[in-house]
Amino acid sequence: MALMILPLIGSLSISEGLLAIATMCLVYLFLKHFQNEIPKGLRRLPGPKPLPIIGNVLELGSKPYLSLTAMSKRYGDVFQIQIGMRPVVVLSGNETVRQALIKQGDEFAGRPDLYSFSFVSDGKSLAFSTDKAGVWRARRKLAYNALRSFATLEGTDPEYSCMLEEHICKEAKYLIKQVNTAMKVEGGFDPFRNIVVSVANVICGMCFGRRYDHNDQELLSIVNLSDEFSQVAGSGNLADFIPLLRFLPSKTMKRFLEINDRFYTFVQKIVSEHYATYNKDNIRDITDSLIDHCEDRKLDENANVQMSDEKIVGIVNDLFGAGFDTVTTALSWGVMYLVAYPEIQERLFQELKDNVGLDRTPLLSDKAKLPQLEAFILELFRHASFLPFTIPHCTSKDTSLNGYFIPENTCIFINQWQINHDPELWKDPSSFNPERFLSADGTEVNKSEGEKVVAFGLGRRRCIGEVIARHEVFLFLAIFIQNLHFQTLPGESVDMTPEYGLVMKHKRCHLRATVRASSEQ
Ligand code: HEM
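Structural notes, computed from the coordinates. Not measured: the values here are computed from a predicted model.

Below, the discussion takes up the pattern of salt bridges. If you walk through the whole model with that rule in mind, you get 24 salt bridges. One salt bridge in this structure joins Arg436 and Glu379, with 3.1 Å as the shortest N-O distance. One end of the pair, Arg436, is in the loop between helix H18 (416-420) and helix H19 (447-451); the other, Glu379, is in helix H17 (residues 371-384), with 57 residues separating them in the sequence. Relative accessible area serves as the criterion here: at 15%, Arg436 is assigned to the buried category. Put simply, Arg360, Asp366 and Lys369 are held in one network by salt bridges that share partners.

Quick look at the coordination of the iron atom of the ligand now. For the iron atom of the ligand, the protein supplies a single donor, Cys463 (SG), at a distance of 2.3 Å. Within the secondary structure, Cys463 is located in the loop between H19 and helix H20 (466-483).

Turning our attention to the packing of aromatic side chains. All told, the structure shown has 23 aromatic pairs when counted by the stated rule. Ring centres of Tyr212 and Phe266 lie 6.1 Å apart, and the angle between their planes is 40°; this geometry places the pair in the tilted category. Pair noted here: Tyr212 is in the loop between helix H8 (191-208) and helix H9 (217-223) and Phe266 is in helix H12 (residues 251-277), with a separation of 54 residues, a long-range link. Relative to Tyr337, the ring of Trp333 lies with its centre 6.1 Å away and its plane at 40°, an arrangement referred to as tilted. With a gap of four residues between them, Trp333 and Tyr337 both fall in helix H15 (residues 315-340), about one helical turn apart. Note on Trp333: relative accessible area 2%, which makes it buried.

Turning next to the sheet that holds strand E3 (residues 393-394). As summarised here, the arrangement of the four strands in space is E1-E2-E6-E3, forming an open sheet in which the pairing is mixed. Lying at the two open borders of the sheet, with one neighbouring strand each, are strand E1 (78-83) and E3. Across two bridges, the pairing between E3 and strand E6 (residues 411-414) is antiparallel. When the sheet's bridge partners are listed, Cys394 is paired in E6 with Cys411. Against the sheet, helix H4 (residues 64-75) engages E1, strand E2 (86-91) and E6, with an angle of about 130° to E1.

Thresholds, definitions, all that
- Residues numbered from 1 in each chain as written.
- Predicted model: local features only at pLDDT ≥ 70, side-chain atom pairs only at ≥ 80, totals over all residues.
- Heavy atoms only, no water.
- Salt bridge = Lys/Arg side-chain N within 4 Å of Asp/Glu carboxyl O.
- Helix = DSSP H or I, 4+ residues; strand = E, 2+ residues; numbered from the N terminus.
- Buried < 20%, exposed > 50% of the residue type's maximum accessible area, 1.4 Å probe, protein only.
- Donors = N, O, S within 2.8 Å, 3.2 Å for Na, K, Ca; no water.
- Phe/Tyr/Trp six-rings, centres within 6.5 Å; stacked < 30°, edge-to-face > 60°.
- Pairing = 2+ DSSP bridges.
- Contact = heavy atoms within 4.5 Å.
- Axes fitted to C-alpha atoms, helices over the stretch in contact; angles between N-to-C directions.

Note that all results are geometric; they support no functional claim without further evidence.
Okay, here's the thing in structure tokens:
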């Protein structure tokens, strides 16, 4: 600002120049004051008093979902904190979050321009970038349609209803073998390490038309990076809010850039191979279908949203990235809960034995026969709340919520953990009790209770992989429970403490699995 006015003050004396600068500063502060003026009839956001420069960082602590839940009890469902210099509005409460994300969806559907987000998928991410609403919506639609059409495509084996079911069942059966081998060779297995390759193979099958061996070092080196990605991309990463920190050497941030780079390079290599072998008459997978869209668009002069080919093909980066880490985390938490609650594991095994039997693979069509398993999965999503916040949102214009004024471009945190543990919604929220989702006789799932669990976000930004994720979690768990009995290793106990990040994991550990079915898998 001062630089802009220097030419103007060239012919003035120093004191006149200083007076001019001071006047400009005053005008600037005056305008800023008016920008923050609360419109008539609306209230200023409540919240804790921020300290200079760092704001409320100290109060956030290492588990922001717990500290922000505690603050919501004091300040209500809509309150403001300051992280560094940047105000952040935190939303809690089922009704309030639904009001913002569903009823006022357009106003709360943006993404903030956070420093770390600009490195995801080379700044072309569908989930993290600050694309304007029109471009984001068009990309989201493309991604959603590609996912849906490749999930529901007919499989190669008539035993399965669709390609997705075929991929999941084959990978799950292969995983059982891997776990058995690990048990024989090492005497224990690491749930995350074993599950992640199988889940990555399901999404690789759909996105890239290929699967990887469980010992493929290239894939392993990529999927094992997800923990570090998640730690930086979680709500409340300080470098996103305190600009000065970007210029100080940070090992975590350096690693984050490296991870994004390696991930992007991995996907780009596969995309280039697809471009080289692309044939319009043989669309093999999601990558081909997105390339096909780029080609069609070049012919369509009426295409009204301008998008680069890179932005279209970059979508596979997001689908692959979002598609393996979240589902793997759900499944490995699932195994941990089975170990922590052996009586529930036994009940689920009996339900499978009685309703599916032990001689055939469970299928998606068995879902209605397995209400206890469905209730277990709902309780797993609620209790673990392993995505404690959605990806941060941002307001696209000045708006209001519950009578509070929220200016345009405000960063918004949605506390999913708070909703899933709200004592006003749940009886004894801290206890793990799948029966809360079952009818009194245990034969049916109470759908309206199930809908109260928030794990995939809501409204415009709701997860586009939800259906696929739910199918994967159901089928993988059904096949695990039918075939294996999970326990801790002798003399060890199960540690359920989550580690904070965008996706919260349990600590890496080794467990014991013994074969259930009469036939060796
Ligand atoms: C258990 C598994 C999963 C969970 C809990 C989950 C949860 C979420 C959440 C909370 C969001 C952010 C919503 C928001 O910002 O308001 C999200 C976004 C997203 N998810 Fe998932 N997800 C899962 C699996 C998947 C899968 C399997 C895929 C793809 C194959 C996927 C693709 C995406 C994409 C592309 C977005 C960004 C949407 C956008 O910004 O418009 N997710 N997910």
